[in-house]
Amino acid sequence: MMFTHEHDEIRRTTERFIEEQVNPQVRAWENAGIFPAHELFKGLGDLGLLGITKPEEYGGLGLDYSYQLAFAESLGRMTCGGIPMAVGVQTDMATPALARYGSDELKRDFLAPAIAGDQVACIGVSEPGAGSDVAGITTTARREGDDYVINGQKMWITNGTQGDWICLLCVTGGESKHSDKSLIVVPLDAPGVNRETRLDKLGQRSSDTAIIFFDDVRVPARYLIGEAGQGFVYQMQQFQEERLFLAASILEAMQRVFDDTVTYTRERRAFGQSVIDNQYVQFTLAELATELEAARALTYQATADLVAGRDVTRNASMAKLKTSRLARQLTDTCLQFWGGHGYMAESTTAQFYRDLRLHSIGGGADEIMLQIIAKRLDLHSTA
């Protein structure tokens, strides 16, 4: 993929913001279990970074996804995984369908403020009994006159306690599990919404994650995104951008862990020599570096396919699978080379060991990616 001066400017702007506004505060936010989403998102919005691919008439930059890739990759410079995930929810999970299918009124009321950083968005798909099994969700939206009345529960909602609205996938009725769902924008200050339960997670602790309950929540029918019954299709489309974002957003985090480990093993001495002078360490690091470059190349290729208008379902799933599994392997291996120092809470290696583990689960588990890839490769018996 060829990057231009404009791509580089997005990288520089993002990285400068991270160094000045994010990384100095990460430790405090990790300890608090939450970061100030409205304040941080407003800063990103003022820089034009929350609507890179979104239409200009709603405050976006109207650029292709290669520019979003540059932004997502730069977010990996943050010294935690939770905040990049929270930003990705805003840019690549809760808003793509709204930008693509929402009415003009809906986009002006919800998309434009999200792009500006004036509102924080969530995506509501997962439930206690339906995570990667999107077709199995049970939250309902019943039409009553000019309103939808919503009942149900959503689980593991990033930005859940701070969000202003949620892009909610719910059952509205239809002939099959793939045609009975719709996406609806639901303001989270509506009567009947309860999102007081903040979840205590293994990693990504600076990002607030909530259970959200909906008890006869009434919203105007005009808050429907696109057509009723098309929610499953719209969500599958959103997943492609989500998976590319998730892949791109951890490349630099893995690179940081790798580079820090090389430096440490050069300086750390054991048995009369530097740790890196062991051939096993050299070969292991060489293999990890190769895998990281392969993951980066696959993510870039999937992005190029998306920009070219090709179907990216297979390659986006491959990029998500590859980066997620490599994150587990790389952080675990590097932590081992750090020894006791790597196991300390303040260690960057330990931070990403905890934070990046989620990527094999969120946005579609590894096993779901394998199912999608196998289907796209036509790996089934012809008998």
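Residues numbered from 1 in each chain as written. Predicted model: local features only at pLDDT ≥ 70, side-chain atom pairs only at ≥ 80, totals over all residues. Heavy atoms only, no water.

A. Quick peek at the overall build of the chain. If you tally the helices and strands in the chain, you get 13 helices and nine strands. Its C-alpha atoms give the chain a radius of gyration of 21 Å, near enough to 21 Å, the size a compact globule of 383 residues would have. In terms of principal-axis extent, the alpha carbons of the chain reach across some 80 × 60 × 40 Å. In the chain, buried positions account for 56% of the 383 residues. Looking at the chain as shown, the accessible area adds up to about 16,400 Å², and 49% of this sits on carbon and sulfur atoms. Of note, the chain has its 37 positive side-chain charges centred 4 Å away from the centre of its 51 negative side-chain charges. (Helix = DSSP H or I, 4+ residues; strand = E, 2+ residues; numbered from the N terminus. Rg over C-alpha atoms; globule rule 2.2 N^0.38 Å. Buried < 20%, exposed > 50% of the residue type's maximum accessible area, 1.4 Å probe, protein only. Areas by Shrake-Rupley, 256 points an atom, 1.4 Å probe, with all protein chains shown as cover. Lys, Arg positive; Asp, Glu negative; His and termini not counted. Charge placed at Lys NZ, Arg CZ, Asp CG, Glu CD.)

B. Structural detail: the packing of helix H5 (residues 82-93) against helix H8 (residues 231-249). Viewed as axis vectors pointing N to C, H5 and H8 meet at an angle of 150°, and their least axial separation amounts to 9 Å. Relative to H8, H5 is oriented roughly antiparallel. In this structure, H5 crosses over H8, and the sense of that crossing is right-handed. Residue-level contacts link Pro84, Met85, Gly88, Thr91, Asp92 and Met93 of H5 to Gln238, Glu241, Glu242, Phe245 and Leu246 of H8. Residues of the contact of H5 with H8, tallied by class, amount to five nonpolar, three polar and three charged. (Axes fitted to C-alpha atoms, helices over the stretch in contact; angles between N-to-C directions. Parallel < 35°, antiparallel > 145°, perpendicular 65-115°, else oblique. Left-handed = near helix turned anticlockwise from the far one by under 90°. Contact = heavy atoms within 4.5 Å. Nonpolar A, V, L, I, M, F, W, Y, C, P; charged D, E, K, R; others polar.)

C. Inspection of the nonpolar core at higher detail. Formed by 86 residues in total, the largest nonpolar core has its most connected members in Val22, Phe41, Ile83, Ile166, Ile184, Val186 and Phe214. Beyond its immediate chain neighbours, meaning those up to four positions away, Ile184 contacts Ala141, Tyr148, Ile166, Cys167, Leu168, Cys170, Thr172, Val219, Tyr223 and Leu224. Residues Ala253, Ile276, Val281 and Ala295 belong to the second largest nonpolar core, which totals 21 residues. (Core = buried A, V, L, I, M, F, W, Y, C linked by side-chain atoms within 4.5 Å.)

D. Fine view of unusual backbone geometry. Here Trp156, not a glycine, exhibits a phi torsion of approximately 60°, which is positive. Turning to its location among the elements, Trp156 is positioned in strand S3 (residues 147-158). Residue classification places Trp156 among the partly exposed positions, given a relative accessible area of 45%. Here the phi dihedral of Gln204 falls at roughly 50°; this positive angle occurs in a residue that is not glycine.

E. Structural detail: the side chain of Thr284. Considering the arrangement of structural elements, one finds Thr284 in helix H10 (residues 279-307). In this view, Thr284 contacts Thr333 and Phe337; residues no more than four positions away in its chain are not counted.

F. Representation of the packing of aromatic side chains in the model. Within the structure shown, the criterion is met by eight aromatic pairs. When the centroid spacing of 6.2 Å and the interplanar angle of 50° are considered together, the rings of Trp29 and Phe35 count as tilted. Neither Trp29 nor Phe35 differs from the other in exposure class; each is buried. Aromatic side chains Tyr280 and Phe337 sit 6.2 Å apart centroid to centroid with 90° between the ring planes, which places their arrangement in the edge-to-face category. (Phe/Tyr/Trp six-rings, centres within 6.5 Å; stacked < 30°, edge-to-face > 60°.)

G. View of the environment of Gly163. Mapped onto the fold, Gly163 is located in the loop between S3 and strand S4 (165-171). For Gly163, a relative accessible area of 2% corresponds to the buried category. C-alpha of Gly163 to C-alpha of Ala37: the two residues are 126 residues apart in sequence and 8.4 Å apart in space.

H. Molecular detail of H10. Helix length check: H10 (29 residues) gives 42 Å between terminal C-alpha atoms against 42 Å at 1.5 Å per residue, within 8%. Looking at H10, one finds that the buried residues are Val281, Thr284, Leu285, Leu288, Leu292, Ala295, Arg296, Thr299, Tyr300, Ala302, Thr303 and Asp305. Along its buried surface, H10 packs onto helix H1 (5-22), helix H4 (65-75), H8, helix H9 (251-267) and helix H11 (313-338). (Expected span 1.5 Å × (residues − 1).)

I. Up close: H9. With 17 residues, H9 should cover 24 Å at 1.5 Å per step; its first-to-last C-alpha distance of 25 Å lies within 8% of that length. The set of residues buried in H9 consists of Leu251, Glu252, Ala253, Met254, Gln255, Val257, Phe258, Thr261, Val262, Tyr264 and Thr265. In this fold, the buried residues of H9 make contact with H4, H8, strand S9 (273-274), H10, H11 and helix H12 (348-355).

J. Representation of the pattern of salt bridges. Throughout the structure, instances matching the rule amount to 24 salt bridges. For Glu105, the salt bridge goes to Arg222, with nearest N and O atoms at 3.2 Å. A residue pair is termed long-range when its members are at least 10 positions apart, and Glu105 in helix H7 (residues 104-116) and Arg222 in the loop between strand S7 (209-220) and H8 qualify at 117 residues. Arg142 serves as the salt-bridge partner of Glu144, at 2.6 Å between the closest nitrogen and oxygen. Given a relative accessible area of 31%, Glu144 falls into the partly exposed group. (Salt bridge = Lys/Arg side-chain N within 4 Å of Asp/Glu carboxyl O.)

Note that every value here comes from positions in space, so none of it alone points to a role or purpose.
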